[in-house]
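# Descriptive structure summary
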Amino acid sequence: MKHINWLEEVEKRKEDLIKDTQAFLQIESILDEETKGEGAPFGKGINDALQFLLHKGEKEGFIVKNVDGYAGHIEFGEGKDLVGILCHIDVVPPGDGWTSPPFSAEIRDGKVFARGALDDKGPTMAAYYALKIVKELGVDVQKRLRIIIGTDEESSWGCVDHYFKHEEMPGLGFAPDADFPIIYAEKGILDCTLTQESDSRGEAPNHLLSFSSGRRLNMVPDLAIARVVGDSSSIIESYESFLGEQQLNGSYNLTDNVVELKLNGVSAHGMEPRNGVNAGTKLLQFLSAFSFNHQANQFIEAGSTYFNEDSRGNKLGITSSDDISGDLTINVGIISYDESKGGSFGLNIRYPVTQNSDTTISTIKEKVAPYGFSLASFSDSKPHHVDKEHELVKTLQRVYTEQTGEEATLLSIGGGTYARSLEVGVAFGPLFPGRPDIAHQKDEYMEIEDLVKATALYAQAIYELIKK
Ligand SMILES: [Zn+2]
């Protein structure tokens, strides 16, 4: 086979690629309970986007399949072995503040602006064109390649659950739904909710009426609010000096004997709590200087003992680390307390790829039990990791370096990407190093140049993975 200039092959089709990407982005593929029905489990918009792509594939002469509206695939090639590219066509709601309407797919300054441009409809179209190029070049292949089209990555991943229950799992594959060069390791993600048994024992000078901080387990809370009845003047005085010492922003308010304390922290993604300041655990630290009834004391003590300023689980005794993925991290994303019910802590723990969560869970249970807390619920998404010597990783690295001239560094992350739903899968693009990640934000866009570059990378990757 003569040398193929992949970028040139994409350039030849660039006009169509852009037009098709725009048309695809103009479909409002947001989860919609109102319009869901038989064959369209996530509503009309998502179903329209799925039909759009499958119809295109069919016209092009690919084998296509719609798997009950949950997912679909576009297949090319022959042979026993199957390679997968896992994409998704659902998008998060656009929100406000867009410069041009979020589903207009307007092009300005070499960028196409739309909800889904980067995550993940732009890259999905790039993968489709990549496959189309490989087909049009008429190369000899010995494997099959499937673009698997998921439809609810942004909510429950019911699409891939359903798809892989009924369809073949590729022997290997990649998901163009994160970063270039290659993400080969993703930590395990353990979410736990600890709740306190209510206990009315003990009288004390102060009452903690309520406490609330954080709304999502995977975010560092940037606000905490406590409502306290008691020695108001000493509480307020101490609070002022606490804010000064800790160099934190906060405020207080006294109405009808109730002191409301507000503390501001710094929000950050839960995968690295050190990038933020947890307003919740800081406010518990302040409250730990006061005496409340038994239940409130236990709540405050558990929180300030185990969770304050300790994102590695040292105080809980759950630290672990490996060379591939680094430290276990723990984020206390939600803290709440109600005098009549007791308290609760919502934890988001990300553990290294070579570990499992069993001892972590049992240690936590053991440590919080003396404070009247127990594990009310948990969910565990296992770590995901492909060996760095694996043929898949080696091939994608070679393709990336050949086309970009850059080293294809292997990335390990605390987050979870769509690649974890493949048995052997890595994330491969579409965001190039140094580009801002504007997925899920207003004015989401994809650089046309990057769309072209990603298409060329995917085309060669497909070729190298399925060629004879
Ligand atoms: Zn995505």
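Residues numbered from 1 in each chain as written. Predicted model: local features only at pLDDT ≥ 70, side-chain atom pairs only at ≥ 80, totals over all residues. Heavy atoms only, no water.

## Some words on the overall build of the protein
Looking only at helices and strands, one finds 11 helices and 24 strands in the protein. Here the C-alpha coordinates of the protein stretch approximately 85 × 45 × 45 Å along the principal axes. Here the contacts in the protein between residues at least 6 apart in sequence split such that 77% fall between residues at least 24 apart. Here the protein contributes 45 positive and 72 negative side-chain charges, whose respective centroids are spaced 5 Å apart. (Helix = DSSP H or I, 4+ residues; strand = E, 2+ residues; numbered from the N terminus. Contact = heavy atoms within 4.5 Å. Lys, Arg positive; Asp, Glu negative; His and termini not counted. Charge placed at Lys NZ, Arg CZ, Asp CG, Glu CD.)

## Details of the coordination of the zinc ion
Octahedral metals with six donors have ideal donor angles of 90 or 180 degrees. Tetrahedral metals with four donors have an ideal donor angle of 109.5 degrees. All of the protein donors around the zinc ion are H88 (NE2), D119 (OD), D177 (OD) and D177 (OD); their distances to the metal are 1.9 to 2.6 Å. The sequence motif formed by the donor residues of the zinc ion is H-x30-D-x57-D. Residue D119 is found in the loop between strand 5 (111-113) and helix 4 (121-137), and its partner D177 is found in the loop between strand 7 (172-175) and strand 8 (178-179); the two are separated by 58 residues along the sequence. (Donors = N, O, S within 2.8 Å, 3.2 Å for Na, K, Ca; no water.)

## Concerning the side chain of H73
Along the chain, H73 turns up in strand 2 (residues 71-77). Given the relative accessible area of 2%, H73 is considered buried. Among the polar contacts listed, one links the side chain of H73 to the side chain of Y163, at a separation of 2.7 Å. Beyond its immediate stretch of four places on either side in the chain, H73 contacts L54, I63, V64, K65, R146, I147, I148, I149, Y163 and E167. (Buried < 20%, exposed > 50% of the residue type's maximum accessible area, 1.4 Å probe, protein only. Polar contact = N/O pair within 3.5 Å; in protein donor to acceptor, adjacent residues only side chain to side chain.)

## Concerning the packing of aromatic side chains
The tally for this structure, following the rule as stated, stands at 27 aromatic pairs. Ring centres 5.5 Å apart and planes at 10° place the aromatic pair F24 and F52 in the stacked group. Remark: F52 occurs in helix 3 (residues 44-59) and F24 occurs in helix 2 (residues 14-25); sequence separation between them is 28 residues. With a centroid separation of 5.5 Å and an interplanar angle of 90°, the aromatic rings of F42 and Y70 are classed as edge-to-face. (Phe/Tyr/Trp six-rings, centres within 6.5 Å; stacked < 30°, edge-to-face > 60°.)

## Notes on the environment of L223
Along the chain, the position of L223 falls in strand 12 (residues 223-229). For L223 and N278, which are 55 residues apart along the polypeptide, the C-alpha to C-alpha distance reads 8.0 Å. If we ignore the near neighbours within four places in the chain, the residues touching L223 are S212, S213, G214, L263, N264, G265 and A279.

## With respect to the pairing of strand 6 (residues 144-150)
Within a regular strand, side chains alternate between the sheet's two faces. Burial runs high along strand 6: seven of the seven residues are buried. Side-chain alternation along strand 6 places R144, R146, I148 and G150 on one buried face and L145, I147 and I149 on a second face that is also buried. Inspection of the sheet shows strand 3 (residues 82-88) paired to strand 6 by seven bridges, in the parallel sense. Directly across from L86, in strand 6, lies its bridge partner I148. (Pairing = 2+ DSSP bridges.)

## A look at the state of the cysteines
Under the definition given, this model contains zero disulfides. Between C87, a cysteine without a disulfide, and C159, which holds the nearest cysteine sulfur, the sulfur-to-sulfur distance is 11 Å. (Disulfide = S-S within 2.5 Å.)

## Some points on the sheet that holds strand 24 (residues 445-447)
In space, the three strands of this open sheet follow the order 4-5-24, with antiparallel pairing throughout. Bordering the open sheet on either side are strand 4 (106-108) and strand 24, each of which pairs with just one other strand. The sheet shows a mean angle of 25° between the axes of neighbouring strands, direction not considered. (Axes fitted to C-alpha atoms, helices over the stretch in contact; angles between N-to-C directions.)

## Some details on helix 10 (residues 391-404)
Here helix 10 is 14 residues long and its end C-alpha atoms lie 20 Å apart, about the 20 Å a rise of 1.5 Å per residue gives. Listing the buried residues of helix 10 in full gives L392, V393, T395, L396, Q397, V399 and Y400. The inward-facing, buried residues of helix 10 abut strand 7, strand 9 (182-186), strand 21 (410-413), strand 22 (425-427) and helix 11 (448-466). At the exit of helix 10 stands G405, carrying a positive phi of roughly 75°. (Expected span 1.5 Å × (residues − 1).)

## Remarks on the layout of surface pockets
Volume-wise, the largest pocket comes out at about 1,300 Å³. Around the largest pocket, the lining is made up of 35 residues, and of these E153, N218, H269, G415 and G416 lie nearest the centre. At the level of elements, strand 8, strand 10 (188-196), strand 18 (342-351), strand 19 (373-381) and strand 23 (430-431) are the ones that each hand at least two residues to the lining of the largest pocket. Here the lining of the largest pocket takes three residues from strand 19, the largest share from any one element. (1 Å grid on protein atoms, 1.4 Å probe; cavity = no way out; pocket = protein on both sides within 12 Å on 5 of 7 lines; lining within 4 Å. Points joined across faces, edges and corners; volume = space filled by probe spheres on them.)

## Thoughts on empty space enclosed by the protein
Taken as a whole and assessed by the stated rule, the structure comprises one cavity of 30 Å³ or more. Around the largest cavity sit L118, P430, L431, F432, R435, P436, I438, Y445, M446, E447 and D450, which together line it. Among the secondary structure elements, those contributing two or more residues to the lining of the largest cavity are strand 23 and strand 24. In terms of residue count, strand 24 provides more of the lining of the largest cavity than any other element does, three residues in total. Of the residues in the lining of the largest cavity, the class split is eight nonpolar, no polar and three charged. (Nonpolar A, V, L, I, M, F, W, Y, C, P; charged D, E, K, R; others polar.)

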